[in-house]
Amino acid sequence: MLKDITIGQFFPGNSIIHRMDSRFKIVLSLIYVIMLFVAQNFYGIGLSCIFILMVFALTGVGFRMILKSLKPIIPIILFTAILNLIFVKGEGAPLLSFWIINVYMEGITTSLFMMSRIVFLIIGMSILTYTTSPIVLTDAIERLMSPLRKVKFPVHELAMMMTIALRFIPTLIEETDKIMMAQKARGANLDSGGIIKRAKSMIPILIPLFVSAFKRANELATAMECRCYRGGDGRTRMRQLKASPIDFLGTGMMLCVLVMVILDNIVFH
């Protein structure tokens, strides 16, 4: 399961999506999130689905990564679906009745709608990290938040912290997997028993994981100090961010889909 977590991973490539300006990719990702929450029916979700799958195909990453990115959140998706099935009420007789639980057609429809929204939200946001390196992502976040410097907001420090946290997610996942394998080799039973027993069995994993995380953080801080890192003041960048026609074309297409979703809400309201 841990190997299936792809959050924060970057897959180098030379696709159209890889070559887009990272600032545009962040803004377009936010517009896509807005588009998903603006959609009020399956037609709007369908438009968002078709658009994001076309974009994912352009990345060249491979559609099997979609399944890997969705695997860890399957419990959240199922939990959301069950809650909607139980608590969403409808008109007429329930389709299924058990004890105090009544399942209506409206509950099933809402469950499918919310599941679709979560799935395509994860797919859309995964494209950002799959096609953007952590360094470029840091520069983009810093440039987008640069107006906040006028009010003495630590823009560079915040962008650096966010990117370091994102960058070390795959590292910590790999470290956790190694610790679990080592504990199993010593005879630890991590996969059986009740909830309390499984929680207690996680202690031999969490303690060395925290020790390793603090050790890595200390090593990173030492390495940054040795390279005379002093924050963003006077810092130059090896790669300058420049907009290209591809960025404006992608923005135009995204806005067109957003307008179509809004019109769909008006027509089918």
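Residues numbered from 1 in each chain as written. Predicted model: local features only at pLDDT ≥ 70, side-chain atom pairs only at ≥ 80, totals over all residues. Heavy atoms only, no water.

## Let's talk about the confidence of the model for the chain
Quick reminder of the rule: As a per-residue measure, pLDDT reflects the predictor's confidence and takes values from 0 up to 100. A run of DSSP states H or I qualifies as a helix once it reaches four residues; a run of E qualifies as a strand once it reaches two. Both are numbered from the N-terminal end.
Per-chain confidence: the chain averages 81 in pLDDT, with 90% of residues scoring 70 or above. Averaged pLDDT values for the elements of the chain fall to 72 in helix α9 (residues 195–201) and rise to 90 in helix α2 (residues 22–38).

## Some points on the packing of α2 against helix α6 (residues 105–130)
Applied cut-off: Interaxial angles span 0 to 180 degrees and are taken between N-to-C directions of axes, which are lines fitted to C-alpha atoms, for helices over the stretch in contact. Here the word oblique covers every angle except those under 35 degrees (roughly parallel), over 145 (roughly antiparallel) and from 65 to 115 (roughly perpendicular). Residue contacts follow a heavy-atom distance rule, with two residues in contact if any of their heavy atoms lie within 4.5 Å. Any residue that is not Ala, Val, Leu, Ile, Met, Phe, Trp, Tyr, Cys, Pro, Asp, Glu, Lys or Arg is counted as polar, Gly included; the first ten are nonpolar and the last four charged.
The interhelical angle for the contact between α2 and α6, taken along N-to-C directions, is 175 degrees, at an axis separation of 10 Å. One element, α2, and the other, α6, form an angle in the roughly antiparallel class. Facing α2, whose interface residues are K25, I26, S29, Y32, V33, L36 and F37, α6 presents R117, F120, L121, G124, M125 and L128. Grouping the amino acids of the contact of α2 with α6 by side-chain chemistry returns 9 nonpolar, 2 polar and 2 charged.

## Comments concerning the layout of surface pockets
Definition in use: Cavity: a set of points on a 1 Å grid over the protein atoms alone where a 1.4 Å probe fits but cannot get out. Pocket: an open set with protein on both sides within 12 Å along at least five of seven lines, its lining residues, like those of a cavity, having an atom within 4 Å of a point. Grid points are joined across faces, edges and corners, and a volume is the space filled by probe spheres set on the points.
Volume-wise, the largest pocket comes out at about 400 Å³. Along the walls of the largest pocket sit 20 residues, with I17, M20, F51, V55 and G250 positioned nearest its centre. At the level of secondary structure, the elements contributing two or more residues to the lining of the largest pocket comprise α1 (16–19), α2, α3 (42–59), α6 and α11 (245–267). For the lining of the largest pocket, the residue count by class is 16 nonpolar, 3 polar and 1 charged.

## Quick word on the nonpolar core
Cut-off, in case you're wondering: Take the buried Ala, Val, Leu, Ile, Met, Phe, Trp, Tyr and Cys residues and link them wherever side-chain atoms come within 4.5 Å; each set so joined is a nonpolar core. With a 1.4 Å probe rolled over the protein chains alone, any residue whose accessible area is under 20% of its type maximum counts as buried; one over 50% counts as exposed, and the rest are partly exposed.
Counting residues in each nonpolar core, the largest one holds 30 residues, and the members touching the most others are Y32, M35, F56, F120, I123 and M254. Of all the elements in the fold, those that place two or more residues in this core are α2, α3, α4 (64–70), α6 and α11. In contact with I123, other than residues within four places in its own chain, are I52, F56, I66 and L70. I26, A140, V155 and A159 belong to the second-largest nonpolar core, a separate cluster that totals 10 residues.

## Overview of the packing of aromatic side chains
The test is simple: Any pair of Phe, Tyr and Trp rings, taking the six-membered ring for Trp, is counted once the centres come within 6.5 Å. Such a pair is stacked with planes under 30 degrees apart, edge-to-face with planes over 60 apart, and tilted for the rest.
Using the criterion set out here, one finds 4 aromatic pairs in the structure. With a centroid separation of 5.6 Å and an interplanar angle of 85 degrees, the aromatic rings of F42 and F113 are classed as edge-to-face. Residue F42 is found in helix α3, and its partner F113 is found in helix α6; the two are separated by 71 residues along the sequence.

## Focus on the pattern of salt bridges
Quick note on the threshold: Counted as salt bridges are all cases of a side-chain nitrogen of Lys or Arg within 4 Å of a carboxyl oxygen of Asp or Glu.
Scanning all chains against the criterion turns up 2 salt bridges. Among the ionic pairs, D21 bridges to R23, the shortest N-O distance being 2.6 Å. Side by side, D21 and R23 carry an identical accessibility label, which is buried. Between R216 and E175 there is a salt bridge, with its nearest N and O atoms 3.1 Å apart. In this pair, R216 is assigned in helix α10 (residues 203–226) and E175 in helix α8 (residues 155–185), connecting sequence segments 41 residues apart. What makes R216 partly exposed here is its relative accessible area of 31%.

## Thoughts on the side chain of S22
Relative to the elements of secondary structure, S22 occurs in helix α2. Contact partners of S22, with chain neighbours within four places excluded, come to T132, V136, A140 and L241.

## What about a nonpolar patch on the surface?
How we decide: For patch building, the residue pool is restricted to those with more than 30% relative accessible area and no salt bridge; the joining distance is 9 Å between like charges and 5 Å between nonpolar side chains (Val, Leu, Ile, Met, Phe, Trp, Tyr). Accessible areas in this description were obtained via Shrake-Rupley with a 1.4 Å probe; residue shielding takes into account the shown protein chains only.
On the surface, a cluster of nonpolar side chains totalling about 730 Å² of accessible area is made up of Y43, V259, I262, L263, I266, V267 and F268. Per element, the largest residue contribution to the nonpolar patch is 5 residues, and it comes from α11. In this structure, I266 sits in helix α11.

## Considerations on the side chain of R117
Let me state the cut-off plainly: The charged-residue count follows a simple rule in which Lys and Arg add positive charge and Asp and Glu add negative charge, with His and chain termini not counted at all.
Structurally, the position occupied by R117 is in helix α6. Comment: no salt bridge for buried R117; closest opposite-charge side chain is D264, at 10 Å. In contact with R117, not counting residues within four places along its chain, are L36, F37, A39 and I45.

## Considerations on the packing of α2 against helix α7 (residues 134–144)
Running from N to C, α2 and α7 point in directions that differ by 70 degrees, and their axes come no closer than 8 Å. Our classification of the angle between α2 and α7 gives roughly perpendicular. Of α7, the residues touching α2 (which contributes S22, R23, I26 and V27) are V136, L137, A140, I141, R143 and L144. Its residues assigned to classes, the contact of α2 with α7 shows 7 nonpolar, 1 polar and 2 charged.

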